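Breakdown of the fold
For reference, the chains in residue letters:
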Amino acid sequence: MRTSDIDMLIVPGWTNSGPDHWQSRWQRHFKTARRIEQADWETPRLADWAERIVDEVARATRPVVLVAHSCGVSAVVHAAPRLVPSRLMGAFLVAPADLEGTDTWPAKGGGFAPVPMVPLPFPARLIGSSDDPHCTIERAQEFGAAWGADVSIIANAGHINTASGHGPWPEGLLTFGLFLRSLGEVPGRA
């Protein structure tokens, strides 16, 4: 599977992803990528964020791969039971935020916690960091195990965002390509 075979839906976290963030770079680079826009990036409300994800997946014209970061990961996990598995090929989940383990997230009051700890109905790849200030290694591994996701932990990558030096993030792009490859061929394609 290639990026031209999918609708890549970018799901940023709290405050959105700035122009130098790897998600924004991917959106500019891939013709089939688009951002799931939220009405309020500063005061996230789970009901609104999950509804936008469900709507955008339903509007997609090709198989969907979600690319989520931070509390966008939580929004995807909450929306998962409402997503049509036949339309969703998989989810690439980066730097999940442990919204139950920190008081720094406005999303905590927006209904994001507790985070569902049940298997996702689609393949997922979770990328965490050994020193993410918003999610411990143990919690990232716990999330991955509960969601049935393949988990990779990057050493000393912070929150895997622009502030931690992950604007271009070529390793992430390579990992995403391998994830797409693991999803196989699009049904009905020769």
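Structure shown above.
So, here's what we can say about the structure. These numbers were taken from a predicted model, which means no experiment stands behind them.

Points about the sheet that holds strand E4 (residues 88-94)
- Spatial strand order, E2-E1-E3-E4-E5-E6: six strands in an open sheet with parallel pairing. For this open sheet the edge positions go to strand E2 (33-35) and strand E6 (150-154), each flanked by a neighbour on one side alone. The sheet shows a mean angle of 20° between the axes of neighbouring strands, direction not considered.
- Pairing geometry for strand E1 (residues 7-11) and strand E3 (residues 64-69), over five bridges, is parallel. Note on E3: the bridge partner recorded for Val11 is Ala68.
- Here helix H4 (residues 137-147) sits on the sheet in contact with E4, strand E5 (124-129) and E6, set at roughly 165° to E6.

Some points on the environment of Gly111
- Position of Gly111 relative to the elements: it lies in the loop between E4 and E5.
- Along the primary structure Gly111 and Ala47 are separated by 64 residues, whereas in three dimensions their C-alpha atoms are 7.5 Å apart.
- When neighbours within four sequence positions are excluded, Gly111 is seen to be in contact with Leu46 and His78.

What counts and what doesn't
- Residues numbered from 1 in each chain as written.
- Predicted model: local features only at pLDDT ≥ 70, side-chain atom pairs only at ≥ 80, totals over all residues.
- Heavy atoms only, no water.
- Pairing = 2+ DSSP bridges.
- Helix = DSSP H or I, 4+ residues; strand = E, 2+ residues; numbered from the N terminus.
- Axes fitted to C-alpha atoms, helices over the stretch in contact; angles between N-to-C directions.
- Contact = heavy atoms within 4.5 Å.

Such coordinate-based values are descriptive only and should not be taken to indicate function.
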